[in-house]
Amino acid sequence: MDSSQSFREQVRRRRRQKIWRLVKLVLFTAASAAACFYGWRFLHSPSFAFGSVSIHGTSLLTEADVISLAGCGKGPLNLFNASTSRVREALSHDVRFQNAEAAYRFPATLQVSVEERQPALYVANSYRSYLKLDYNGIVISVTTTIPDAKAPVLAGVKCGNLYLGDRVEDEGVLQILKFLQQLTPEAQQRIGEIAVDNKQEVKLQLSGCFPVRLGKAQGLAQKAPLFMTVFNEIKDKNIKAEYIDLTFAKPYIKLLPKQGAV
């Protein structure tokens, strides 16, 4: 009888221990789940600040801009909420930038690197305003006047009804842009104006110097190496010339008549 009761007590004790272990497991699981849930909510809270912003290649973007583009609203930056894909997508539609990358950098930095579109040419459009074009023919700004001398002015051509972000389709203008892109920064800065006449002949004016005749707009980009050769030869010389003609393969310099000559 005693042995039978003792056996039953052992069974009940083991059952209670098993139930208690099960209860502790359930409680531990529930506590862990609650901690994970509230921890996740805390880490993803808009008010939780974590990480920093690093911007390369431009002064046109601020940290506040990047934080907003990343999906963190007005801030602060929270890398648990930030999205590099959202930043890349937004910047890919920003006409100011040609290329943009966004990535996480150790230990907690959102790094944004962009390449700004460089102004190459001002050209008139059909709305009595001016288009600022980059070297790919993309309209990067539209103004009623020419605001600066960061790019030469193209005279004798109008590009129709174009808006911000549009691309010029005029082949002559695209050839001029390709020509300019191949020049050195020094040569680009010396060009004040480019003119196209009714025969589609292109002439550029060097600042404080004489005009250079380049010939037809079609195929103009192929003249860039010849122009640079001539430019490097004359840039530091006091040449008194009426014009330089690069229409043909051999350059021709039309000198001004000497003073006192008949």
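Structural notes, computed from the coordinates. (Residues numbered from 1 in each chain as written. Predicted model: local features only at pLDDT ≥ 70, side-chain atom pairs only at ≥ 80, totals over all residues. Heavy atoms only, no water.)

**Considering the pairing of strand 11 (residues 241-245)**
For strand 11, a buried count of four out of five residues is recorded, marking the element as mostly surrounded by other parts of the structure. Where strand 10 (residues 211-216) and strand 11 come together, two bridges link them in parallel fashion. The residue of strand 11 that forms the bridge with Arg-213 is Asp-245. Since strand 10 and strand 11 lie parallel, the crossover through helix 6 (residues 224-234) that links them has a hand, and here it is left-handed. Sheet topology places strand 11 next to strand 12 (residues 252-255); four bridges connect them, and they run antiparallel. Paired with Ala-241 across the strands is Leu-255, a residue of strand 12. (Buried < 20%, exposed > 50% of the residue type's maximum accessible area, 1.4 Å probe, protein only. Helix = DSSP H or I, 4+ residues; strand = E, 2+ residues; numbered from the N terminus. Pairing = 2+ DSSP bridges. Right-handed = clockwise from strand over helix to strand, strands pointing away.)

**A few points about the pattern of salt bridges**
This structure, assessed with the given rule, holds five salt bridges. Measuring nitrogen to oxygen at the nearest pair gives 2.8 Å for the salt bridge that ties Asp-94 to Arg-96. (Salt bridge = Lys/Arg side-chain N within 4 Å of Asp/Glu carboxyl O.)

**So, the sheet that holds strand 10**
Strand order across the open sheet formed by nine strands is 6-5-4-7-8-9-10-11-12, with mixed pairing between neighbours. Edge strands, defined here as strands with exactly one partner in the open sheet, are strand 6 (139-143) and strand 12. Ignoring strand direction, the axes of neighbouring strands in this sheet form an average angle of 20°. Of the pairings in the sheet, the one linking strand 9 (residues 201-206) to strand 10 comprises five bridges and is antiparallel in character. Opposite Val-202, over in strand 10, you have Gly-215 as the bridge partner. (Axes fitted to C-alpha atoms, helices over the stretch in contact; angles between N-to-C directions.)

**Details of the pairing of strand 4 (residues 121-124)**
On a regular strand, one side chain projects to one face of the sheet and the next to the other, so that they alternate. Side-chain alternation along strand 4 places Leu-121 and Val-123 on one buried face and Tyr-122 and Ala-124 on a second face that is also buried. Across four bridges, the pairing between strand 4 and strand 5 (residues 130-133) is antiparallel. Residue Ala-124 lies in a different strand from strand 5, and its bridge partner there is Tyr-130. A loop of five residues connects strand 4 with strand 5, the two strands running antiparallel in sequence, and Arg-128 in this loop sits at a positive phi of about 55°. As paired strands, strand 4 and strand 7 (residues 153-158) are joined by three bridges and run parallel to one another. Among the inter-strand pairings, Ala-124 is bridged to a residue of strand 7, identified as Lys-158.

**Remarks on the side chain of Asp-245**
When you line up the elements, Asp-245 lands in strand 11. Among the polar contacts made by the side chain of Asp-245, one reaches the side chain of Thr-247 at a distance of 2.5 Å. The contact partners of Asp-245, leaving out residues within four places of it in the chain, are Arg-213, Lys-250, Pro-251 and Tyr-252. (Polar contact = N/O pair within 3.5 Å; in protein donor to acceptor, adjacent residues only side chain to side chain. Contact = heavy atoms within 4.5 Å.)

**Re helix 2 (residues 63-72)**
Buried within helix 2 we find Val-66, Ile-67, Ala-70 and Cys-72. Along the axis of helix 2, the buried residues cluster in a sector spanning 105°; they form a single face. The elements touched by buried residues of helix 2 are strand 1 (52-56), helix 3 (84-92) and strand 3 (109-116). Following helix 2 by one or two positions, Gly-73 has its phi on the positive side, about 60°. (Arc of directions from axis to C-beta.)

**Topic: the sheet that holds strand 2 (residues 97-105)**
Spatially, 1-3-2 is the arrangement adopted by the three strands of the open sheet, whose pairing is mixed. Edge strands, defined here as strands with exactly one partner in the open sheet, are strand 1 and strand 2. For this sheet, the mean angle separating the axes of adjacent strands, direction not counted, is 15°. Note that strand 1 and strand 3 share five bridges and pair parallel. Opposite Val-53, over in strand 3, you have Leu-110 as the bridge partner. Along the sheet, helix 2 makes contact with strand 1 and strand 3, crossing strand 1 at roughly 110°. Each of strand 2 and strand 3 touches helix 3; the most contacted strand, strand 2, lies at about 170° to it.

Note that all results are geometric; they support no functional claim without further evidence.
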